[in-house]
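Chains, contacts and geometry: an overview
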Amino acid sequence: PTLPKRLELTPAIVKTRPLATLVVLVLVVLLGATPASGDDEGRAMPRKSAAEKAGGGGEGITSTIVVPAYKEKPNIRPLTERLFSALSKEGMDKTTELLIVDDNSRDGSVEMVEELQKEGFPIRIHVRTNERGLSSAVLKGFELAKGERLVCMDGDLQHPPEKVPEFLRALSKSDYVLGTRYGEGFAVDKDWPLYRVIISKGARMLARPLTSLSDPMSGFFGVTKRALSAGKGKVSPVGFKIGLEVYVKTGVEKHAEVQIFFAKREAGESKLTGKVMLYYLVHLSELYRFRFPLLIPSIALLALVLLLSVIRLLSRTKPKVA
C-alpha cells in the first residue's frame, strides 16, 4: 500500500515535535505502508561526458570511494582535495579512485569533475538519467567500482574525508566497517539541533534488534566486494538506509567501527525531512521481516490468543440477569 498522506510529516513538525514524530514513525511500521517511488518524468538525457568516460582500465586501483550526489557541485572540489590529501599522507592516493554517482543534477558537477581530472585527481562521475535515489546510486557505484575495498560517503562533507584511510585499513581485516558517532569520545557538531539528536537516538533504539552496529543510521560505511557478493539478489536498491541494508542482507559476521565527528552540512540542503524518516521506518519493517520471518505471524498469533482469553474471561464474569 502507498503511504497515506495523513501520515506525512512536515519539516516544521519534525523540528518542533520530535517525540511525536517518533510515535508517528512507529505507527508507520505497524501499518506496513510503503512509500511511493519518485517521479523521473521530465529528466533530461545528456550525452556522456569525458568525465564519465575517464578512468582507463583500473590497473593498480584497489579501493573505490563512492559518493552518491544530487546538486553537490559546491562540495565536490573540497571533498576531492581533502580526501586525496589524507590518502597521500598514508600512501594510498595512487591506489584509490573517487567515483561520483550523480542523479542528473545538471548543476555543473560534470564540468567540475573534468576540471579535477585535468589537475590529476583520479576522479570520475557517472550520471544517471533513468534512475534516482540514494540507495540505488550507491549500489550502482559499487557495481562500477574498480577497487575491491568499497567506501560509501556523503558528498556534503558531513562525513570527514580524513577518516577514509582508517576505513581502508580496517577493510583489510574486516568485511564491513562503519563510521560511528557513538563510540568512545562521542561528539556531534555543537550546532546540531536538539530534534536531530533525539531522532537519531530513537532511530538507533528501533534498529537495535537487527544489528550490533553502534550507529545504524550512519551512511558512512565500507564493505568488500567479496562480502557484497554474498548478498547478491538480496540487497534491495530501494532500501532507505543502504549501509544497514548491506550489513543485514549480506550476513556480515565481522565488522569494525571508526570513530567520526559528524559535522554540519557545508553547502546545499539537509536531507532530513518527515518523508525521509518515514522511509527509514518502512525500511526497518522490511528488514525485520527479512531477519525474523516468523516474528510478525508470531505476534499476530499471540495477540489473537490474548484477545480470545480476554473474551472468555469477560464471558465468565458477566453478571447474571435476575
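Only a predicted model underlies this, so the values are computations on that prediction, with no experimental measurement involved.

1. Describing the overall build of the chain
- Within the chain, the secondary structure is distributed over 12 helices and seven strands.
- Looking at the chain as a whole, 48% of its 322 residues are labelled buried.
- Sequence separation of at least 24 residues holds for 82% of the intrachain contacts in the chain that already meet a minimum separation of 6.
- Within the structure as shown, the chain displays about 16,900 Å² of accessible surface, and the carbon and sulfur contribution to it stands at 58%.

2. With respect to helix α5 (residues 109–118)
- Buried residues of α5: Ser109, Val110, Met112, Val113 and Leu116, and no others. All buried residues of α5 lie within an arc of 160° about the axis, which places them on one face of the element.
- Trailing α5 by a residue or two, Gly120 shows a phi angle of about 100°, which is positive.

3. Concerning the nonpolar core
- Phe142, Tyr176, Phe221 and Val246 are the most contacted members of the largest nonpolar core, which totals 33 residues.
- Beyond its immediate chain neighbours, meaning those up to four positions away, Val246 contacts Tyr176, Phe221, Val223, Leu228 and Val235.
- Grouped together as the second largest cluster of nonpolar side chains are 32 residues, Met92, Leu98, Val113 and Leu116 included.

4. Details of a nonpolar patch on the surface
- On the surface, Leu301, Leu304, Val305, Leu307, Leu308 and Ile311 cluster together into a nonpolar patch covering about 570 Å² of accessible area.
- The exposure class assigned to Val305 is partly exposed, which follows from its relative accessible area of 44%.

5. Focus: the packing of aromatic side chains
- Within the structure shown, the criterion is met by six aromatic pairs.
- Ring geometry for Tyr176 versus Phe221: centroids 5.8 Å apart, planes at 15°, classification stacked. Separated by 45 residues along the polypeptide, Tyr176 in strand β5 (residues 176–180) and Phe221 in strand β6 (residues 221–224) bring together distant segments of the chain.
- The class for Tyr176 is buried, based on a relative accessible area of 0%.
- The exposure class assigned to Phe221 is buried, which follows from its relative accessible area of 0%.
- A ring pair is formed by Tyr176 and Tyr247, whose centres lie 5.2 Å apart and whose planes are at 70°; its orientation type is edge-to-face.

Rules used throughout
Every residue gets a number counted from 1 within its own chain, in the order that chain's sequence is written. Reporting of local features is limited, given that this is a predicted model, to residues whose pLDDT is at least 70; pairs of side-chain atoms are given and counted only at 80 or more, and all residues count toward the totals for whole chains, interfaces and linings. To get the side-chain values, all heavy atoms of the structure are used, and hydrogens and water are removed first. Numbering goes from the N terminus for both helices and strands, where a helix is a DSSP run of H or I of at least four residues and a strand is a run of E of at least two. Only protein chains enter the area calculation, which uses a 1.4 Å probe; residues under 20% of their type maximum are buried, those over 50% are exposed, and those in between are partly exposed. Residue contacts follow a heavy-atom distance rule, with two residues in contact if any of their heavy atoms lie within 4.5 Å. Method for areas: the Shrake-Rupley scheme with a 1.4 Å probe, in which residue coverage is limited to the protein chains shown. Throughout, the arc means the angular range of directions from the helix axis out to the C-beta atoms. Residues belong to one nonpolar core when they are buried, are Ala, Val, Leu, Ile, Met, Phe, Trp, Tyr or Cys, and are joined through side-chain atoms within 4.5 Å. Surface patches are drawn from residues lacking salt bridges whose relative accessible area is over 30%; two like charges belong together within 9 Å, two nonpolar side chains (Val, Leu, Ile, Met, Phe, Trp, Tyr) within 5 Å. Salt bridges, as used here, are contacts in which a Lys or Arg side-chain nitrogen is within 4 Å of a carboxyl oxygen on Asp or Glu. Any Phe, Tyr or Trp ring, taking Trp's six-membered ring, that has another such ring centre within 6.5 Å forms a pair; planes under 30 degrees apart are called stacked, those over 60 apart edge-to-face, and the others tilted.

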